[in-house]
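# Summary of the model geometry
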Amino acid sequence: MAGEGRVALVTGAQQGIGHATALALARAGLDVALNYLDNRAAAEKAAAAIRALGRRALVVSGDVSHAADVDAMLGAVARGLGVPDVLVNNAGIQQTVSIADATRQVWDDILAVNLSGAFHTMRRALPGMGQRGYGRVINIASVHGLVASVNKAPYVAAKFGLIG
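Please read all numbers here as calculations on a predicted model, not as lab measurements.

## What to know about the nonpolar core
- The biggest cluster of nonpolar side chains holds 19 residues, and the ones touching the most others in it are V10, A22, L25, V32, L34 and I50.
- With sequence-adjacent residues up to four places away left out, L25 is seen in contact with A8, V10, L30, V32 and V88.
- Ranked by size, the runner-up nonpolar core spans 15 residues in total, among them L9, V64, M73 and V113.

## Re the packing of helix 4 (residues 104-132) against helix 5 (residues 153-163)
- With their axes 9 Å apart at the nearest point, helix 4 and helix 5 run at an angle of 20° to one another. As summarised for this structure, helix 4 and helix 5 are arranged roughly parallel, according to the angle between their axes. Judged by the twist between their axes, the crossing of helix 4 over helix 5 is right-handed. Residues V106, W107, I110, L111, N114, L115 and A118 of helix 4 touch helix 5, and the partners they reach there are A153, P154, Y155, A157, A158, K159, G161 and L162.
- Grouping the amino acids of the contact of helix 4 with helix 5 by side-chain chemistry returns 12 nonpolar, two polar and one charged.

## Observations regarding unusual backbone geometry
- In this structure, N151 takes a positive phi of about 65° despite not being glycine.
- A relative accessible area of 33% means that N151 is categorised as partly exposed.

## Overview of helix 1 (residues 16-27)
- Between its terminal C-alpha atoms helix 1 stretches 17 Å, which fits the 16 Å expected from 12 residues at 1.5 Å a residue.
- Within helix 1 the residues assigned to the buried category are G18, T21, A22, L23, L25 and A26.
- Lining the buried residues of helix 1 we find strand 1 (7-10), strand 2 (31-36), helix 2 (40-52) and strand 4 (86-89).
- Where helix 1 terminates, the next one or two residues include G29, which has phi positive at roughly 105°.

## Section: helix 4
- A rise of 1.5 Å per residue sets the reference length of helix 4, with its 29 residues, at 42 Å; its end C-alpha atoms lie 41 Å apart and thus fit the reference within 8%.
- Residue G133 follows helix 4 closely and has a positive phi angle near 75°.

## Looking at the pairing of strand 5 (residues 136-139)
- Across four bridges, strand 4 lies against strand 5 in parallel orientation. Bridge pairing in strand 5 links V88 to I138.
- Handedness of the crossover joining strand 4 and strand 5 through helix 4: right-handed.

## Focus: the packing of aromatic side chains
- Tallied over the full model, the rule gives zero aromatic pairs.
- Just above the ring of Y134 sits the side chain of R6; from NZ or CZ to the centre is 3.5 Å.

## Here we look at the environment of G75
- Among the structural elements, G75 can be located in helix 3 (residues 67-80).
- Residue classification places G75 among the buried positions, given a relative accessible area of 13%.
- The spatial distance from the C-alpha of G75 to the C-alpha of P127 is 13 Å, given a sequence separation of 52 residues.

## Quick look at the packing of helix 3 against helix 4
- Direction vectors running N to C along helix 3 and helix 4 enclose 40°, while the axes themselves pass 9 Å from each other. Judged on the interaxial angle alone, helix 4 and helix 3 are oblique. Here helix 3 runs over helix 4; the crossing is right-handed. Contact residues: A67, V70, D71, M73, L74 and G75 in helix 3; H120, T121, R123, R124 and A125 in helix 4.
- Class assignment of the residues belonging to the contact of helix 3 with helix 4 gives a composition of five nonpolar, three polar and three charged.

Criteria and cut-off values
Residues numbered from 1 in each chain as written. Predicted model: local features only at pLDDT ≥ 70, side-chain atom pairs only at ≥ 80, totals over all residues. Heavy atoms only, no water. Core = buried A, V, L, I, M, F, W, Y, C linked by side-chain atoms within 4.5 Å. Buried < 20%, exposed > 50% of the residue type's maximum accessible area, 1.4 Å probe, protein only. Contact = heavy atoms within 4.5 Å. Axes fitted to C-alpha atoms, helices over the stretch in contact; angles between N-to-C directions. Helix = DSSP H or I, 4+ residues; strand = E, 2+ residues; numbered from the N terminus. Parallel < 35°, antiparallel > 145°, perpendicular 65-115°, else oblique. Left-handed = near helix turned anticlockwise from the far one by under 90°. Nonpolar A, V, L, I, M, F, W, Y, C, P; charged D, E, K, R; others polar. Expected span 1.5 Å × (residues − 1). Pairing = 2+ DSSP bridges. Right-handed = clockwise from strand over helix to strand, strands pointing away. Phe/Tyr/Trp six-rings, centres within 6.5 Å; stacked < 30°, edge-to-face > 60°. Lys NZ or Arg CZ within 6 Å of the ring centre and 35° of its normal.

In structure tokens form, the structure reads like this:
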């Protein structure tokens, strides 16, 4: 298989796009670490589906908005599966609120997960990829990174930043 012997880390992998991406990577022959924040049962179910495909899977908790969590997460992946060859930054949050009604906390939280989270994971994963001469980073953005949307200013700003 194309990805045989490679390891992927997918953030926000317990549902939706992250779950589908993790399964696609496993089908391509990669072992997959599935990051989750608050739904371990869903992440374990996704890991079971990956194992059923004959690939190794590891479930790792961590808040990508916190550098210390990301450091611990990447360490756990390295110990459990190996250093990631593929990083998929999928974790994201959104809150629909007008800019006038958005609190500083809403702004900070959305940018911390959707934009800074990608920085934290890439900061840790890219050096190993460079040393091995192989690596892929996939940052999941949104159409909102290309066009604005009513009542989604923090999300739009984060996704524009991610695309940039």
